[in-house]
Amino acid sequence: MRDSELLELYIGIDDMAAPILYGAGDAHLRYIEGRVSSKISARGSRILVRGPLVEQEKLKRVFSDLEALCRQREDITSKDIDTILRLAGIDGSGRNGSPDNRRAEPGEAAIVCEAARSVVKARGANQERFVRMMDEQTVVFAIGPAGTGKTYLAVAKAVDAFQRRQVDKIILVRPVVETGETLGFLPGDILEKVDPYFRPLYDALGEMLTPDRMRRFIDRGLIEIAPLAYMRGRTLNNAFVILDEAQNTTSGQMKMFLTRLGESSRAVLTGDLTQIDLPDPTKSGLHEARTLLQGIKGIGFIEFDAGDVVRHPLVTQILKAYNGQVES
């Protein structure tokens, strides 16, 4: 069977989500139909798609994402639909296309990730440099104070790469210094044990993926969350790996992590050298890596400072005060 042959596909939609997804008088379905080559109609809680196989596969993803969005919202807009169509590789002109490269126009912030729940854009020159570096380098170190968007942008880039099928999975890693990395005495399974330590990563993911999709990806192992100690002995192929709080790695842990990278993988390491929780702060693996790995092809470093903080303006003043730079 050729991809160009017309086929019929029925897609089941949750009864509660269907009215929102269809729109008044099926307006949303007509809007989607005007941007693809397939014919789309609704029959109760099922959508009939008649068109080429290659487009049906993309529309299955579109309606799955829209259904998840409708469970969270009382209405959806044409902008929501356009975003989800682009993420599925549909260019919106009545034929299949690839997602655009989304390079910013002059004076416009670069889009890092278009997800069902948000559009993430770089803010400021250093964030723009960070985003470009993640596109160009295999390993990127982002060093700087809290509030500069290091972790948030890294997660956004990972979600973007995953949605574009550039990688097969996202792996989120953190050293868990407070428990000595063993976690054995803590109650619950591995996710319950590390949940408090990974909350910033969960929060970032939650702004880009619906809860249902995030849980589904975690359950299927497409998003993996693990303490750094659990990386030992593994080879991470075709993955986007983020090591957060990298300042709390030892020299040995940093070497172990960096040598886990396998084929078609990339890594982003984020950390703040002013917040080292190790017994001996001078033994930070991030501090050592910044010295040892400079100038190696494929590895990039970017450093943020208080001027790059994108949280409440007061955070910048607090950081300056602790650095002895507060204005009198």
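Residues numbered from 1 in each chain as written. Predicted model: local features only at pLDDT ≥ 70, side-chain atom pairs only at ≥ 80, totals over all residues. Heavy atoms only, no water.

Caption draft 1: Expanded view of the packing of aromatic side chains. As enumerated under the stated definition, the model contains three aromatic pairs in all. Ring centres 5.8 Å apart and planes at 85° place the aromatic pair Phe130 and Phe304 in the edge-to-face group. Of this pair, Phe130 sits in helix 5 (residues 125-136) while Phe304 sits in the loop between strand 11 (299-303) and helix 12 (313-322); the two residues are 174 residues apart in sequence, bridging distant segments of the chain. The two residues Phe130 and Phe304 agree in class, both being buried. Relative to Phe301, the ring of Phe141 lies with its centre 4.6 Å away and its plane at 5°, an arrangement referred to as stacked. Taken as a pair, Phe141 in strand 6 (residues 139-143) and Phe301 in strand 11 lie far apart in primary sequence, 160 residues in all. One cation-aromatic arrangement involves Arg46 over Tyr10; the distance from NZ or CZ to the ring centre is 4.1 Å. Sitting over the ring of Phe217, Arg216 keeps its end group 5.8 Å from the ring centre. (Phe/Tyr/Trp six-rings, centres within 6.5 Å; stacked < 30°, edge-to-face > 60°. Helix = DSSP H or I, 4+ residues; strand = E, 2+ residues; numbered from the N terminus. Buried < 20%, exposed > 50% of the residue type's maximum accessible area, 1.4 Å probe, protein only. Lys NZ or Arg CZ within 6 Å of the ring centre and 35° of its normal.)

Caption draft 2: Summary view of helix 5. Over its twelve residues, helix 5 runs 17 Å from end to end, which matches the ideal 16 Å to within 8%, given 1.5 Å per residue. Those residues of helix 5 not exposed but buried are Asn126, Gln127, Phe130, Val131, Met133 and Met134. Along the long axis of helix 5, the arc covered by the buried residues comes to 160°, so they all point the same way. Across helix 5 from its buried face, at more than 90 degrees, point the exposed residues Ala125 and Glu136. (Expected span 1.5 Å × (residues − 1). Arc of directions from axis to C-beta.)

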